[in-house]
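Structural characterization, general
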Amino acid sequence: MGRRVAGVVDTAVLTLRDQDHVVRVVNTSSRGLQIESDLKAHIAEELAISLDGGAPTPCFVRWVRGGRIGLGFREKDLG
């Protein structure tokens, strides 16, 4: 598991079901990130996230709990 780091970015643009949403980033790691949002995401749902205006990175929902969502980067996209 990658070390979690807070404060790398404050917000990101999450693309879920063809709609963009600005979300607060709680922390990041080499394997994914945790966001704060009231979006109704589902475990294993595919989406994309853009950090600092960069290209969208494909990811999936690992967990949803108490207004927070854990996102995992897809293994093949890690380089």
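A brief look at the structure comes next. Just so we're clear, the structure is a prediction, and the values are computed from it rather than from any experiment.

Take the nonpolar core next. Judged by nonpolar contacts, the single largest core of 17 residues is most densely connected at L14, I35, I49 and L71. Elements represented by at least two residues in this core include exactly β1 (11-16), β2 (19-28), β3 (32-36), β4 (46-51), β5 (57-65) and β6 (68-73). Once residues within four sequence positions are removed from consideration, L71 is found in contact with L14, R31, G32, L33, I35, L47, I49, C59, F60, V61 and R62.

The next point concerns the pattern of salt bridges. Within this structure, the stated rule accounts for four salt bridges. A salt bridge links E45 to R17, with the nearest nitrogen and oxygen atoms 2.8 Å apart. With E45 in the loop between β3 and β4 and R17 in the loop between β1 and β2, this residue pair connects regions lying 28 residues apart in the sequence. The class for E45 is buried, based on a relative accessible area of 16%. Judged by relative accessible area, which is 49%, R17 ranks as partly exposed. Among the ionic pairs, R68 bridges to E36, the shortest N-O distance being 3.5 Å. A residue pair is termed long-range when its members are at least 10 positions apart, and R68 in strand β6 and E36 in strand β3 qualify at 32 residues. Overlapping salt bridges bring together R24, E36 and R68 as one network.

Cut-offs used in this document
Residues numbered from 1 in each chain as written. Predicted model: local features only at pLDDT ≥ 70, side-chain atom pairs only at ≥ 80, totals over all residues. Heavy atoms only, no water. Core = buried A, V, L, I, M, F, W, Y, C linked by side-chain atoms within 4.5 Å. Buried < 20%, exposed > 50% of the residue type's maximum accessible area, 1.4 Å probe, protein only. Helix = DSSP H or I, 4+ residues; strand = E, 2+ residues; numbered from the N terminus. Contact = heavy atoms within 4.5 Å. Salt bridge = Lys/Arg side-chain N within 4 Å of Asp/Glu carboxyl O.

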